[in-house]
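# Notes for the structure review
Spelled out from the first residue to the last, the chains are:
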Amino acid sequence: MNTTPRQQELLKRTYVDFQPMADFARDPLILERAQGLYYWDVAGKRYFDAIGGIFVAVLGHGHPRLLAAMRQQMEKMTFAPPLHAIADVTLEFIGRVGEVTPGNLKYVKGFSGGSESTEAAMKFARQYFRQTGHPGKYKFISRYHGYHGGTAGAMAASGTGPRKSKFEPQMAGFVKVFPPTHYRDQFSDWDECNRFAARTVEDVIINEDPETVAGVMVEPVGNTGGIITPTAEYFRILREVCDRYNVMLIFDEVITGFGRTGAPFAAQEFGVTPDMITLAKGLTNGCVPMGAVLVSKAVYETFMQGPDGIELFHGYTYSAHPAACAAGLATLALYQNEGLLTRAKTLGGEWQEAAHALRGLPHVIDVRNYGLILGLELEPLAGKPGARAFEVFRRCFERGVLVRQTSDVIALSPPLIIDSGQIAQLFDTLRAALRAD
Ligand code: PLP
């Protein structure tokens, strides 16, 4: 796109996340506004947002009810001190979230994003074990290719090598296992592959010494590894293993929370209730930063019976900001009233059909979908990992469609307000981009 000399100059004073800035600056995307399923750049070109912001905009962009709720809140009160008070809107938000959470995960602590929520969940797990007579339990088992955030602890829990190696050494106490996709060529049966991957978690707990392991943290659908969706049995095995060794199962539902898989939470979709869930992104439809950790009754009550008189030595100035809670309340009401928490299931059949029709197109080696998420894995170009998928990303971009590219995978995850015609158009563009060789 055309940029002004001033924009070119200013681009030289900042970075975009996880992308080569030189490539970006050559053909930058400078966005000016967004509405519904579309963005517009400063030159007026329209882009279909096929990745929902970045897994945030379940309702699409600029929903007037969210703006009104935030404006109303900000006119009443722009800040509430989290050390001395709790905003009325925050309490209402806690109640509303509890209407859709699995099991007894109705105990809610609000934060300002996904990374903060990961950090908090890990601190909560360690505190829980200290207060239940297992002070030596401090390690976390998570997966290669997983992503739990960019802060120090969340980065240590993440399994995304190149995103971490510049910042070595990582914090101690983090152990990695492979997701089922790592073993897929060794098994002809995906269920068996998943059983094997889940059982390796037990082996690791035993070999680390169960009295040192606090938690197993997983994303139900792994994004950075290229839309990795284990079987429901995989999660059932993880649950059994965690129960057997008194280890907390933590689901990072920063992406899968709020309808992405066809249920309010992936935990419900897979029929497994973890001990904690971390949330962000769709919590406020992305219109203001927010994260949260849901904890079980057992965790909550353990903290309440702690020896110190202060239940939680943890907090941030902007935790559960009133504007975020107002947006969260309005967002949840819209999700519930407009049937968006299950819409991915309604549209799932046609999404799946359109996705799997891509099989057989040039360089497509795998198609993975769940709910309204798609991971399209492309054959890597020799010696240039990610280059082929980047080319497909670029062709979609030229055609006015924003998709996500990570290594050799193209991911889609559009706002859940998408309709059948728009799904068809989106896949037409993707097909054209794949064929354009
Ligand atoms: N967990 C998952 C699964 C994520 O995808 C992300 C961000 O992309 C995070 C945690 C971190 O969230 P944030 O970027 O809001 O800190």
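Residues numbered from 1 in each chain as written. Predicted model: local features only at pLDDT ≥ 70, side-chain atom pairs only at ≥ 80, totals over all residues. Heavy atoms only, no water.

### Looking at the overall build of the protein chain
Note the threshold: Here a helix means four or more residues in a row that DSSP labels H or I, a strand means two or more in a row labelled E, and each is numbered from the N terminus. Here the radius of gyration uses the C-alpha set of atoms, whereas the globule reference equals 2.2 Å times the residue count to the power 0.38. For the exposure calls, accessible area comes from a 1.4 Å probe over protein chains only, and a residue counts as buried if that area is under 20% of its type's maximum, exposed if over 50%, partly exposed in between. Contacts are residue-level and defined by heavy atoms, with any inter-residue pair within 4.5 Å sufficient. Computed by Shrake-Rupley with a 1.4 Å probe, the accessible areas treat only the displayed protein chains as cover when residues are assessed. In this tally, Lys and Arg are treated as positive and Asp and Glu as negative; His is ignored, and so are the chain termini. Here the site of a charge means atom NZ of a Lys, CZ of an Arg, CG of an Asp or CD of a Glu.
Within the protein chain, the secondary structure is distributed over 16 helices and 15 strands. A compact globule built from 437 residues should have a C-alpha radius of gyration of about 22 Å, and the protein chain, at 22 Å, falls within 12% of that. Seen along its three principal axes, the alpha-carbon backbone of the protein chain occupies a region of about 65 × 60 × 45 Å. Of all 437 residues assigned to the protein chain, the portion counted as buried reaches 55%. Taking as baseline every contact in the protein chain between residues at least 6 positions apart, the subset at least 24 positions apart corresponds to 70%. Total accessible area on the protein chain stands at roughly 19000 Å², and carbon and sulfur atoms take up 53% of it. Side-chain charges in the protein chain split into 44 positive and 46 negative, and the spacing between the mean points of these groups amounts to 4 Å.

### Observations regarding empty space enclosed by the protein
Over the atoms, a rolled probe matching the size of one water molecule traces out where space is still vacant. In plain terms, the rule: Buried and open spaces are told apart on a 1 Å grid over the protein atoms alone, a cavity being a set of points where a 1.4 Å probe fits but cannot get out and a pocket being an open set with protein on both sides within 12 Å along at least five of seven lines. Residues with an atom within 4 Å of a point are the lining residues. Grid points are joined across faces, edges and corners, and a volume is the space filled by probe spheres set on the points. Think of it as three bins: nonpolar holds Ala, Val, Leu, Ile, Met, Phe, Trp, Tyr, Cys and Pro, charged holds Asp, Glu, Lys and Arg, and polar takes everything else, Gly as well.
As enumerated under the stated definition, the model contains one cavity of 30 Å³ or more in all. What the largest cavity holds in volume is close to 40 Å³. In terms of lining, the largest cavity is formed by Arg143, Tyr144, His145, Gly146, Pro179, Glu219, Gly222, Gly225 and Ile228. For the lining of the largest cavity, the residue count by class is three nonpolar, four polar and two charged.

### Considering the layout of surface pockets
Rules: Marked domain ranges trace back to an automatic or database domain assignment.
A volume near 1100 Å³ is recorded for the second largest pocket. Taken together, 32 residues form the lining of the second largest pocket, with Pro162, Thr224, Thr406, Ser407 and Asp408 sitting closest to its centre. Partitioned by chemical class, the residues of the lining of the second largest pocket number 11 nonpolar, 12 polar and nine charged. Counting the residues that make up the lining of the second largest pocket, at least three belong to each of domain 1 (5–58 + 342–435) and domain 2 (66–337).

### Digging into the nonpolar core
Generally speaking, a soluble globular protein has its nonpolar side chains buried in company with each other. Put simply, the rule is: For the purposes of this section, nonpolar cores are sets of buried Ala, Val, Leu, Ile, Met, Phe, Trp, Tyr and Cys residues that join through side-chain atoms within 4.5 Å.
Among the nonpolar cores identified, the biggest contains 94 residues, and Val216, Leu412, Phe427 and Leu430 are the most heavily contacted of them. By residue number, the principal contributor to this core is helix α13 (residues 322–337), which donates eight residues. Both domains that furnish three or more residues to this core are identified here as domain 1 (5–58 + 342–435) and domain 2 (66–337). Counting 21 residues, the second largest nonpolar core, distinct from the first, contains Met122, Ala125, Ile250 and Val295.

### Description of the domain arrangement of the protein chain
This is how the line gets drawn: Take the accessible area each of two parts loses on contact, using a 1.4 Å probe, and add the two losses: that sum is the buried area.
The domain boundaries assigned to the protein chain delineate domain 1 (5–58 + 342–435) and domain 2 (66–337). The C-alpha centroid of domain 2 is placed 26 Å from the C-alpha centroid of domain 1. Contacts between the two partners involve 26 residues from domain 1, matched on the other side by 23 residues from domain 2. Both sides together, the interface formed by domain 1 and domain 2 hides about 2200 Å², and carbon and sulfur atoms give 56% of it.

### Comments concerning the pattern of salt bridges
Two side chains of opposite charge can pair, provided their charged atoms sit close to one another. The condition is simple: Any carboxyl oxygen of Asp or Glu within 4 Å of a side-chain nitrogen of Lys or Arg constitutes a salt bridge here.
Using the criterion set out here, one finds 19 salt bridges in the structure. Here glutamate 202 and arginine 244 are joined by a salt bridge, their closest N and O atoms 2.7 Å apart. Note that glutamate 202 is positioned in helix α9 (residues 190–208) and arginine 244 in helix α10 (residues 232–244), a separation of 42 residues in sequence. With a relative accessible area of 17%, glutamate 202 lands in the buried category. For arginine 368, the salt bridge identified is with aspartate 366, shortest N-O distance 2.7 Å. Residue arginine 368 is classed as buried on the basis of its relative accessible area, which comes to 12%. What you see here is one network of salt bridges that share partners, running through Arg184, Arg359, Asp366, Arg368 and Glu377.

### Some details on the site of the ligand
Put simply, the test is: A single heavy atom is enough: if one lies within 4 Å of a molecule or strand, its residue is considered near that molecule or strand. Pairing of N or O atoms within 3.5 Å defines a polar contact, subject to two protein rules: one partner must be a possible hydrogen donor and the other a possible acceptor, and residues neighboring in sequence count only if both atoms are side-chain atoms.
In the vicinity of the ligand, the contacting residues are Gly113, Gly114, Ser115, Tyr147, His148, Gly149, Glu219, Asp252, Val254, Ile255 and Lys281. Glycine 114 places a polar main-chain atom, nitrogen or oxygen, 2.9 Å from an oxygen atom of the ligand. Lysine 281 places a polar side-chain atom, nitrogen or oxygen, 3.0 Å from an oxygen atom of the ligand. For the ligand, whose unbound accessible area comes to 390 Å², protein coverage reaches 78%. Class assignment of the residues belonging to the shell around the ligand gives a composition of three nonpolar, five polar and three charged.

### Observations regarding helix α14 (residues 343–356)
The line we're drawing: The length a helix should cover is 1.5 Å for every residue beyond the first. Consider a residue and the seven residues that end there alongside the seven that start there; fitting an axis to each set, the bend is the angle between those axes.
If you check α14, its first and last C-alpha atoms are 20 Å apart, about what 14 residues at 1.5 Å a residue would give, namely 20 Å. The sharpest bend along α14 comes to roughly 45°, located at glycine 349. If you check which residues of α14 are buried, you get Ala344, Leu347, Gly348, Trp351, Ala354 and Ala355. Against the buried residues of α14 lie β11 (364–370), β12 (373–378), β15 (409–412) and α16 (420–435).

### What about the side chain of arginine 395?
Considering the arrangement of structural elements, one finds arginine 395 in helix α15 (residues 387–398). Filtering out sequence-adjacent residues up to four positions away, arginine 395 remains in contact with Ala433, Leu434, Ala436 and Asp437.

### Digging into the side chain of threonine 160
Along the polypeptide, threonine 160 turns up in the loop between α7 (152–157) and α8 (161–164). Setting aside chain neighbours within four positions, we find threonine 160 in contact with His145, Gly146, Tyr147 and Thr224.

### With respect to the sheet that holds β11
Strand pairing within a sheet occurs via backbone hydrogen bonds; the two strands may be parallel or antiparallel. Stated precisely, the cut-off is as follows: A pair of strands counts as paired when DSSP detects no fewer than two bridges linking them. To get an axis, a line is fitted to the C-alpha atoms, and for a helix only the part in contact is used. The angle between two axes follows their N-to-C directions and goes from 0 to 180 degrees.
Taken in spatial order, the four strands make up an open sheet running β11-β12-β15-β14, and their pairing is antiparallel. Among the strands making up the open sheet, the edge pair consists of β11 and β14 (404–406). Strand-to-strand twist in this sheet, taken as the mean axis angle between neighbours without regard to direction, amounts to 20°. Where β14 lies against β15, three bridges are found, and the strand directions are antiparallel. Residue glutamine 405 lies in a different strand from β15, and its bridge partner there is isoleucine 410.

### So, the environment of threonine 90
Mapped onto the elements, threonine 90 comes out in helix α5 (residues 88–98). The spatial distance from the C-alpha of threonine 90 to the C-alpha of glutamate 301 is 20 Å, given a sequence separation of 211 residues. Residues contacting threonine 90, with those up to four places away along its chain left out, are Ala320 and Cys325.

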